[in-house]
Amino acid sequence: MALPTNAPSSWLQGTDFPSRLFETGSDDYELYEEDGEFVLTVEMPGFDPEEITASWDDGMLNISAEHEDDDRGRRKTYHRRFRFPKTVQDEEIHASYNNGILEVRLPVETGATVQGREIEIES
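The structure contained in this document is the topic of the report that follows. The structure displayed is predicted, hence computed values, not measured ones.

It is worth spelling out the overall build of the protein at this point. The number of helices and strands found in the protein is one helix and seven strands. Element order for the protein, N to C, with α for helix and β for strand: α-β-β-β-β-β-β-β. The buried share among the 123 residues of the protein stands at 23%. The long-range share in the protein, meaning contacts at least 24 apart out of those at least 6 apart in sequence, stands at 42%. Per element, the accessible surface of the protein, about 9900 Å² overall, is 44% carbon and sulfur.

Right, here's the structure in full:
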């Protein structure tokens with residue numbers, strides 16, 4: 001029997017398996033560097049600001065949230081970690097939440113550089 005060649009979301013339609021179970025990667029966030037700081041935006045619709053926790057520990061940003069919907073008897077959770085390649089000014093990190101989007105701004109220390117080495121790519 002041949003395996004299906006179309007996307008998992010299409011060949012799983014009509015089965016009891018949720019298609020999201022087989023997805024790879026996620027596009028619920030955007031991370032970029034501008035004007036000397038990292039800017040991270042995370043789509044988190046349905047959460048209240050007091051249900052969201054953001055913490056910084058040794059180059060790692062942890063974002064988590066939990067929402068209880070008593071009317072529907074459901075619980076919604078979110079958790080993601082982000083590691084940053086440059087030294088961030090811990091005391092200057094700022095987060096805001098507006099219209100379902102969490103934005104975290106992480107200023108990079110002046111003169112901070114990425115540690116490591118360039119890897120040669122062979123062809």
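This part takes up the sheet that holds strand 2 (residues 37–43). With respect to topology, four strands assemble into an open sheet ordered 1-2-7-6, the strand pairing being antiparallel. Two strands lie at the open edges of the sheet, namely strand 1 (29–34) and strand 6 (94–98), each paired on one side alone. Neighbouring strand axes in the sheet, compared pairwise and without regard to direction, differ in orientation by 15° on average. In this sheet, strand 2 lies alongside strand 1 in antiparallel orientation, the contact comprising six bridges. Each bridged residue has a counterpart across the sheet, and for Tyr29 the counterpart in strand 2 is Val42.

Taken together, three strands build an open sheet; the order of strands is 3-4-5 and the sheet is antiparallel. Edge positions in the sheet fall to strand 3 (52–57) and strand 5 (74–83), since each of these pairs with one other strand and no more. Neighbour-to-neighbour, the strand axes of the sheet open up by a mean angle of 10°, direction not taken into account. In this sheet, strand 5 lies alongside strand 4 (residues 60–69) in antiparallel orientation, the contact comprising ten bridges. By the bridge assignment for strand 5, Asp69 is matched with Arg74.

Once that is clear, we can look at the pattern of salt bridges. Taken as a whole and judged by the stated rule, the model has six salt bridges. Among the ionic pairs, Asp28 bridges to Arg80, the shortest N-O distance being 3.3 Å. With Asp28 in the loop between helix 1 (8–11) and strand 1 and Arg80 in strand 5, this residue pair connects regions lying 52 residues apart in the sequence. The exposure class of Asp28 is buried, given its relative accessible area of 15%. Overall, the relative accessible area of 23% leaves Arg80 in the partly exposed class.

A full pass over the atoms with the stated rule returns three aromatic pairs. Seen from their ring centres, Tyr29 and Phe82 are 5.0 Å apart, and the 75° between their planes marks the pair as edge-to-face. Within this pair, whereas Tyr29 is found in strand 1, its partner Phe82 is found in strand 5, the two being separated by 53 residues in sequence. The class for Tyr29 is partly exposed, based on a relative accessible area of 35%. Judged by centre distance (5.0 Å) and plane angle (55°), the ring pair of Phe38 and Phe84 falls under tilted. With a gap of 46 residues between them, Phe38 in strand 2 and Phe84 in the loop between strand 5 and strand 6 connect regions that are remote in the sequence.

Definitions and cut-offs
Residues numbered from 1 in each chain as written. Predicted model: local features only at pLDDT ≥ 70, side-chain atom pairs only at ≥ 80, totals over all residues. Heavy atoms only, no water. Helix = DSSP H or I, 4+ residues; strand = E, 2+ residues; numbered from the N terminus. Buried < 20%, exposed > 50% of the residue type's maximum accessible area, 1.4 Å probe, protein only. Contact = heavy atoms within 4.5 Å. Areas by Shrake-Rupley, 256 points an atom, 1.4 Å probe, with all protein chains shown as cover. Pairing = 2+ DSSP bridges. Axes fitted to C-alpha atoms, helices over the stretch in contact; angles between N-to-C directions. Salt bridge = Lys/Arg side-chain N within 4 Å of Asp/Glu carboxyl O. Phe/Tyr/Trp six-rings, centres within 6.5 Å; stacked < 30°, edge-to-face > 60°.

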